[in-house]
Amino acid sequence: MKKFSSLIVFSILVCALFMGCKKSKVDAERASEVIVYTYDSFCSEWGPGPIIAQKFQEKTGIKVTYADCGDGVQILSKAILEKKDPYADVLVGLDNFIYQKAEEAEVLEKFKPSNSDVIKAELVESLGGNWILTPYDYSPFAIIYNTQSDIEAPTCLEDLTKSEYSKKLILMDPRTSTPGNGFDVWVRTVYGEKYDDYMKRLTPSILTMAPGWSVGYGMFTDGEAPLVISYVTSPAYHIEYDEGDQFVALEFTDGHVMQVEGAGLVKGAKNAAGAKKFIEFLASEEAQHEIPLTQWMYPANKNVVLPASYSGLIQPKILN
């Protein structure tokens, strides 16, 4: 019995030692990797994600693994589903229209980067001012118009309801897309209690509700409709690549709403230390330099010099 008891104790110790070594190995692997939930246009080969990940790894030795969740709304939904056992360390792509939902869901932990002074203060305030999210880009929303189409340019949201724009407008689904949600907020800001009436009158003008920005804007540039919801900064892409100036952002008399996108530290992240380093790097001038010509948005870092293709963009009135 003594020998048997000794064997059991020895077996338990061996198992404990083995499990401890295995856990240490897993912890070590996670310490060298940051998992980031984001959206397709950020992590795609033409987006800022890959070059930012490469530079971050060269600087810190930490690998960045992106998971494409669709769009900002879907990123948040996935993080909420995984709240009890989070897989991601960082969420990239939540904005000023949904940050309160993230805060209420308690999926993010407050983190103020050590280099926070380089970020424009008004952008921080747009995301609640409490460092649930760190801004990395921004731009007002706008309707982009194909000047080579056979329709006149609309001058306000009300114009879009006219019969001449029947099936001429591409929007994005507000349930899955931050630009879609942004257009929804824009209409609510302008029309208030008359929102439902406006959307009912607008319906004949809508060709489709795309699931996300990449799909919707792709349909627009393919010529499927002459109008699309996007950003004031979107025409800079076409100018930069010598595609001409046929696509222009329209300045509406209603005023415009602005999107501010941020990156947040996931509460309970398995690599919180690496996540904080990544968020700080994303705010740095080195990373922010990549934003204008890949993300096609304004960088949040106030020290970044904009490329020439941004010089002619409209500066619309921003609605609060």
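Everything that follows concerns the structure shown earlier in this document.
First things first, this report covers the structure right here in the doc. None of these values were measured; they are calculated from a predicted model.

### Thoughts on the overall build of the protein chain
- Secondary structure summary: the protein chain contains 12 helices and 11 strands in total.
- The C-alpha extent of the protein chain, read off along each of the three principal axes, is 95 × 40 × 35 Å.
- Taking all 320 residues of the protein chain together, 52% fall into the buried category.
- Intrachain contacts of the protein chain at a sequence separation of at least 6 include 76% that bridge at least 24 residues.

### Regarding empty space enclosed by the protein
- Evaluated as defined, the whole model comprises 1 cavity of 30 Å³ or more.
- When its volume is computed, the largest cavity comes out at roughly 40 Å³.
- Around the largest cavity, the lining residues are Ala79, Glu82, Lys83, Pro86, Val107, Val266 and Lys267.
- The residue makeup of the lining of the largest cavity, split by class, is 4 nonpolar, no polar and 3 charged.

### Describing the layout of surface pockets
- The space that makes up the largest pocket amounts to roughly 560 Å³.
- For the largest pocket, the lining is made up of 25 residues, of which Ser41, Trp46, Trp213, Thr294 and Trp296 are closest to its centre.
- Elements that contribute at least two residues to the lining of the largest pocket include exactly helix H2 (40-43), helix H7 (178-191), helix H9 (213-221), helix H10 (235-240) and strand E10 (258-266).
- Ranked by residues supplied to the lining of the largest pocket, first place goes to H9 with 5 residues.

### Notes on the packing of aromatic side chains
- Following the criterion strictly, the structure yields 19 aromatic pairs and no others.
- Note on tyrosine 39 and phenylalanine 42: the rings are 6.1 Å apart at their centroids and 65° apart in plane angle, and the pair reads as edge-to-face. Like tyrosine 39, the residue phenylalanine 42 is buried in the burial classification.
- When the centroid spacing of 6.2 Å and the interplanar angle of 80° are considered together, the rings of phenylalanine 183 and tryptophan 186 count as edge-to-face. Of this pair, phenylalanine 183 and tryptophan 186 both sit in helix H7, 3 residues apart, roughly one helical turn. Note on accessibility: phenylalanine 183 and tryptophan 186 belong to one class, buried.
- An aromatic cluster is present here, built from Tyr39, Phe42, Tyr66 and Tyr136 joined pairwise through their rings.
- Over the face of the ring belonging to tyrosine 195 we find arginine 188, whose NZ or CZ atom lies 3.7 Å from the ring centre.

### With respect to helix H3 (residues 49-60)
- The first and last C-alpha atoms of H3 sit 16 Å apart over 12 residues, in line with the 16 Å expected at 1.5 Å per residue.
- Looking only at H3, the buried set comprises Gly49, Ile52, Ala53, Lys55 and Phe56.
- Summarising the contacts, the buried residues of H3 are in contact with strand E1 (33-38), H2, strand E2 (63-68), helix H11 (272-283) and helix H12 (285-288).
- Positive backbone phi, approximately 80°, marks glycine 61, located one or two places after H3.

### Focus on unusual backbone geometry
- With a phi close to 65°, tryptophan 131 is a non-glycine residue in the positive phi region.
- For tryptophan 131, the location among the structural elements is in the loop between helix H6 (121-126) and strand E5 (134-146).
- With a relative accessible area of 13%, tryptophan 131 lands in the buried category.
- In this structure, lysine 167 takes a positive phi of about 60° despite not being glycine.

### Considerations on the packing of H7 against helix H8 (residues 195-202)
- For the pair H7 and H8, the least separation of the axes is 9 Å and the interaxial angle reads 125°. Taken together, the axis directions place H7 and H8 in an arrangement best described as oblique. H7 and H8 meet at a crossing whose hand is right-handed. The residues of H8 that touch H7, namely those facing Phe183, Asp184, Val187, Arg188 and Tyr191, are Tyr195, Tyr198, Met199, Arg201 and Leu202.
- Across the contact of H7 with H8, the residue classes break down as 7 nonpolar, no polar and 3 charged.

### Observations regarding the pattern of salt bridges
- Throughout the structure, instances matching the rule amount to 8 salt bridges.
- With a closest N to O distance of 3.0 Å, lysine 270 and aspartate 85 form a salt bridge. Linking lysine 270 in the loop between E10 and H11 with aspartate 85 in the loop between helix H4 (72-81) and strand E3 (90-95), this pair joins segments that are 185 residues apart in sequence.
- Its salt-bridge partner being aspartate 173, residue arginine 175 comes within 2.8 Å of it at the nearest N-O pair.

The rules behind these values
- Residues numbered from 1 in each chain as written.
- Predicted model: local features only at pLDDT ≥ 70, side-chain atom pairs only at ≥ 80, totals over all residues.
- Heavy atoms only, no water.
- Helix = DSSP H or I, 4+ residues; strand = E, 2+ residues; numbered from the N terminus.
- Buried < 20%, exposed > 50% of the residue type's maximum accessible area, 1.4 Å probe, protein only.
- Contact = heavy atoms within 4.5 Å.
- 1 Å grid on protein atoms, 1.4 Å probe; cavity = no way out; pocket = protein on both sides within 12 Å on 5 of 7 lines; lining within 4 Å.
- Points joined across faces, edges and corners; volume = space filled by probe spheres on them.
- Nonpolar A, V, L, I, M, F, W, Y, C, P; charged D, E, K, R; others polar.
- Phe/Tyr/Trp six-rings, centres within 6.5 Å; stacked < 30°, edge-to-face > 60°.
- Lys NZ or Arg CZ within 6 Å of the ring centre and 35° of its normal.
- Expected span 1.5 Å × (residues − 1).
- Axes fitted to C-alpha atoms, helices over the stretch in contact; angles between N-to-C directions.
- Parallel < 35°, antiparallel > 145°, perpendicular 65-115°, else oblique.
- Left-handed = near helix turned anticlockwise from the far one by under 90°.
- Salt bridge = Lys/Arg side-chain N within 4 Å of Asp/Glu carboxyl O.

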